[in-house]
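Here's the letter readout for the chains.
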Amino acid sequence: MATDLELSITGMTCASCAARIERKLNRLDGVTATVNYATEKAKVSVPDGLDPRALVEQVAAAGYGATLPSAEEGPADAVDDPTASLRRRLVVSAVLATPVVALAMVPAWQFTHWQWISLALAAPVLVWGALPFHRAAWANLRHGAATMDTLVSMGTLAAFAWSLYALLFGTAGTPGMTHPFELTIARTDGAGSIYLEVAAGVTTFILAGRYFEARSKRRAGAALRALLELGAKDVAVLRDGREVRVPVDELAVGDRFVVRPGEKVASDGVVEEGGSAVDASAVTGESVPVEVGPGDAVVGATVNAGGRLVVRATRVGADTQLARMAKLVEDAQNGKARAQRLADRVSAVFVPVVIALAVGTLAFWLGAGGGVSAAFTAAVAVLIIACPCALGLATPTALLVGTGRGAQLGILIKGPEVLESTRRVDTVVLDKTGTVTTGRMTLLDVRTAAGVTADEVLRLAGALENASEHPIAKAVAAGAVDRVGALPPVEDFRNLAGLGVRGVVAGHALVVGREGLLADWGVRLDDDLARAKREAEERGRTAVLVAWDGVARAVLVVADAVKPTSAEAVRRLRDLGLRPVLLTGDNAAAARAVAAEVGIDEVIAEVLPEDKVDVVARLQAEGRVVAVVGDGVNDAAALARADLGLAVGTGTDAAIEAGDLTLVRGDLLAAVDAIRLSRRTLGTIKGNLFWAFAYNVAALPLAAAGLLNPMIAGAAMAFSSVFVVTNSLRLRGFRGTAPTARPTGTADRRREPTPVG
């Protein structure tokens, strides 16, 4: 037998660190481990007989830290913010580095002894600010690996060490020394050159990129917290015939508890008394509220929309459907493919080449009799020019501009790893309720009997339904108010649970509800109304029957209306080369009707939350790269499991936190913009990375030849940085997808009922 454990890992700085820890853990007999760099967790299967502390020791042997799960641990929010240390380093380093860079780049500001002031300001940045890079470089060195941290650490240390040498033993410390603005190529011994702006500037730029990345990664566990927050906090338990309100943690299997209208069901259970409509859309995706009565099962975190219920708890704590969904989200996040950062992939080759070139340069000039000073100048110049100043800006600036523009368009991008997924996606799975549709019941149609007008039906039926709290009744009442305005008063109102309502309006005895309610009153439908009811139900819509004075008068068609922009969004997704799939927990008829309306061919309906994850996994097993667009709790696990998760921001916090991209607008066209913007931003990052390395590579031969003076090095780095920033700023011109052939304001207007007959 094996036990599953989850370790919290510290000290990882890139995806190669996660791979190294994973290999180290898997060397233990019987251990199977998966390390996720994004969540900083290791999911480990441990065989019986193996002390879990051996896992911690194995991780420590790899140069990293690990902690075992503890029952005493508080919630994630109680843990110190892991980004706080990085934020302090970034702020202090930026304050100290700014004058160092300014003095080095503007000769007119180089007052007497300016170089010593620069040294005093740059030293804390290199020693304290860059400490995480030096630690990571040392850990990589011990394991024979090289990453961006190695390059940053070596470059900044080389720049600082040579500057210190030039100040103490060369001519750079002479009072009145300046760096003239000269772009000449000539061999120099370097004794009069300092590179403190390189050491301080690069450290600050890289810290900025790491801070924004760490802040993004910290949100990885928020999906679980958001899911668990959905549950009720306390519950009214029946004890000795009295209601006693206790924390939900004290609820036990078999306890009977009360759920009043508007309250959340505290736990999974079975209704013993009462009847009501339960809104389960957030958990199951079912758009129509479910009528429940004695003997019916209810799920925790669903909302009681109607009468008082007495429920007997059947599952509590970790056994509830909500808790199982939280586990699904966690498993899906741990199983997500680890994105290898582009800079690390390039530096894995670039760093060893640069080191070899620096050593070769030193050996060549010593062997050629060029002198120790000139040889070391050339070798150090190779390391300095290879230190990627622009590389530190390449990803953060493009992300900053791209995410800023995205926010203006209602799109929130969580981090650089997200962008790589958008390029590869070929299938987009769309949740129905709240994503393709509005997620609320809307009156769509009024079919009347001969001699009856739609306005008359809406005035009477709307008045009666306005006295009810049922979501379908609210939809009818809202549609009636939109069409006929003020509604008359109601007398003798009665709510008949699971059937409908009755009462007296304007002197007419009305019944509104299911066909069974009309049958109880001896009312039957004529052929036209029966056909209208059948057609509505075949399209997955809800038919509400209206009768007064003993005669059936109308069929009101209520459904979850399709958003006005959904059909166009689906067409544009196809234009991007994506294959749309409609996935829903709703019934097949409703799903097929919506799919036909928006132009989707592939429909998967009546799917439970855990099955949604399986559907995504099956599509991935077929070789597809899957994006999921959803808004409900039931979508959270699927969003986390997908290669790319797009959460509709008008939905639940659980879905938003589980997604990689958040669509604030709640408009499916935002999904089109999100993919387009993400792909554009990724392209900009790749261009930035290419040019950041290209400038370094182009200057390396000059450095190796001993022809690189400080001004050329500074100008090359400044120009590459300016280019990267300018290239990133082009993202500000990104234009969102404007809906075509749609009047302004249509998206916000309720669809008016269309009277027929």
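Residues numbered from 1 in each chain as written. Predicted model: local features only at pLDDT ≥ 70, side-chain atom pairs only at ≥ 80, totals over all residues. Heavy atoms only, no water.

### As for the overall build of the protein chain
Helix and strand counts for the protein chain come out as 26 helices and 27 strands. Counting the 757 residues in the protein chain, one finds 53% classified as buried. Across the protein chain, contacts joining residues at least 24 apart in sequence account for 71% of those joining residues at least 6 apart. Surface exposure of the protein chain reaches about 31500 Å², of which carbon and sulfur atoms provide 57%. (Helix = DSSP H or I, 4+ residues; strand = E, 2+ residues; numbered from the N terminus. Buried < 20%, exposed > 50% of the residue type's maximum accessible area, 1.4 Å probe, protein only. Contact = heavy atoms within 4.5 Å. Areas by Shrake-Rupley, 256 points an atom, 1.4 Å probe, with all protein chains shown as cover.)

### A look at the sheet that holds strand β9 (residues 276-279)
If you walk across this open sheet you meet the three strands as β10-β9-β12, and the pairing is antiparallel. Looking at the sheet topology across the chains shown, the edges are occupied by β10 (290-292) and β12 (303-304). (Pairing = 2+ DSSP bridges.)

### Brief notes about the packing of aromatic side chains
Applying the stated criterion across every chain yields a total of three aromatic pairs. Between W162 and Y165, the ring centres sit 4.8 Å apart and the planes meet at 35°, which makes this aromatic pair tilted. Here W162 and its partner Y165 are both found in helix α6 (residues 148-168), three residues apart, which amounts to about one turn of the helix. Aromatic rings pair up to connect W162, Y165 and F169 into one cluster. Here the basic side chain of R89 rests over the ring of W128, its NZ or CZ set 5.1 Å away from the ring centre. (Phe/Tyr/Trp six-rings, centres within 6.5 Å; stacked < 30°, edge-to-face > 60°. Lys NZ or Arg CZ within 6 Å of the ring centre and 35° of its normal.)

### Side note on a nonpolar patch on the surface
Together, V92, V127 and W128 make up an exposed nonpolar region whose accessible area comes to about 260 Å². On the accessibility criterion, V127 (54% relative accessible area) is exposed. (Patch = residues over 30% accessible without salt bridge, like charges linked within 9 Å, V, L, I, M, F, W, Y side chains within 5 Å. Salt bridge = Lys/Arg side-chain N within 4 Å of Asp/Glu carboxyl O.)

### Side note on the pattern of salt bridges
One pass over the structure, following the stated rule, counts 26 salt bridges. D455 is paired through a salt bridge with R483; the nearest N and O atoms lie 3.1 Å apart. Here R483 lies in helix α17 (residues 471-484) and D455 lies in helix α16 (residues 454-465), a separation of 28 residues in the sequence. Owing to a relative accessible area of 34%, R483 belongs among the partly exposed residues under this scheme. For R571, the salt bridge is made with E568, and the minimal N-O distance between the two is 3.8 Å. Separated by three residues within a single helix, R571 and E568 lie in helix α20 (residues 566-575), roughly one turn from each other. Judged by its relative accessible area of 10%, E568 is buried. One network of salt bridges, in which partners are shared, links R579, E602, R618, E622 and R624.

### Some words on the confidence of the model for the protein chain
The predicted model of the protein chain has a mean per-residue pLDDT of 79, with 79% of residues at 70 or higher. Within the model, pLDDT remains below 50 along residues 71-79, and this stretch shows four contacts once partners closer than five positions in the same chain are excluded. Contacts of residues 332-340 to residues separated by more than four positions or lying in other chains number 30 contacts, the stretch itself having pLDDT below 50. (pLDDT = per-residue confidence, 0-100.)

### Some words on the nonpolar core
One finds I194, L196, F350, V354, V382 and L700 to be the most contacted residues of the largest nonpolar core, which totals 49 residues. Those elements giving two or more residues to this core turn out to be α3 (83-105), α4 (114-129), α6, α7 (196-217), α11 (342-367), α12 (372-386) and α25 (669-704). With nine residues, α7 is the largest single contributor of residues to this core. Dropping the residues within four chain positions of it, F350 is found in contact with L151, A386, F693, N696, V697 and L700. Core analysis: the second largest hydrophobic core is formed by 36 residues, V418, L644, L663 and A674 among them. (Core = buried A, V, L, I, M, F, W, Y, C linked by side-chain atoms within 4.5 Å.)

### With respect to the UniProt feature "transmembrane region" (unreviewed entry) in the protein chain
Under the UniProt annotation, "transmembrane region" (unreviewed entry) lies at residues 90-110, 116-138, 150-172, 192-212, 346-368, 374-401, 688-705 and 711-729. With 76% helix and 0% strand, residues 90-110 has its two end C-alpha atoms placed 25 Å apart. Taken as a whole, residues 688-705 contains 94% helix and 0% strand, while its terminal C-alpha atoms sit 27 Å from one another. (UniProt positions renumbered as here; feature names shortened; annotations may be inferred.)

### Regarding the sheet that holds strand β1 (residues 2-10)
Spatial strand order, β2-β3-β1-β4: four strands in an open sheet with antiparallel pairing. With partners counted over all chains shown, the strands left at the sheet margins are β2 (32-36) and β4 (65-67), one partner each. For this sheet, the mean inter-axis angle between neighbouring strands, taken without regard to orientation, is 30°. The sheet contact formed by β2 and strand β3 (residues 41-47) spans five bridges and is antiparallel. Its bridge partner lying in β3, V35 is registered against A42. Sheet strands in contact with helix α2 (residues 53-61) are β1, β3 and β4, and its direction is about 35° off that of β1. (Axes fitted to C-alpha atoms, helices over the stretch in contact; angles between N-to-C directions.)

### What to know about the environment of L583
Inspection of the secondary structure assignment puts L583 in strand β22 (residues 579-583). Aside from chain neighbours lying at most four places away, what touches L583 is V429, L430, D431, K432, I604, V607, K612 and V615.

### Some words on unusual backbone geometry
Only a minority of non-glycine residues have a phi that is not negative, and only a minority of peptide bonds are not trans. With phi around 70°, H113 is a residue other than glycine that occupies positive phi space. Take H113: it is sitting in the loop between α3 and α4. Judged by its relative accessible area of 39%, H113 falls in the partly exposed class. Positioned with a positive phi, D240 is a non-glycine residue whose angle comes to about 55°. Inspection of the secondary structure puts D240 in the loop between β5 (234-239) and β6 (242-247). Judged by relative accessible area, which is 78%, D240 ranks as exposed.

### As for the environment of L322
Structurally, L322 is set in helix α10 (residues 321-334). Residue classification places L322 among the buried positions, given a relative accessible area of 9%. Counting along the chain gives 20 residues from L322 to T302, while the straight-line C-alpha distance between them is 9.8 Å.

### Observations regarding the side chain of T361
Within the element layout of this structure, T361 appears in helix α11. Under the relative-accessibility criterion, T361 is labelled buried at 5%. Among the polar contacts made by the side chain of T361, one reaches the main-chain carbonyl oxygen of L357 at a distance of 2.7 Å. Beyond its immediate stretch of four places on either side in the chain, T361 contacts A378, A379, V382 and A704. (Polar contact = N/O pair within 3.5 Å; in protein donor to acceptor, adjacent residues only side chain to side chain.)

### Structural notes on the pairing of β3
Pairing between β1 and β3: seven bridges, direction antiparallel. Opposite S8, over in β3, you have K41 as the bridge partner.

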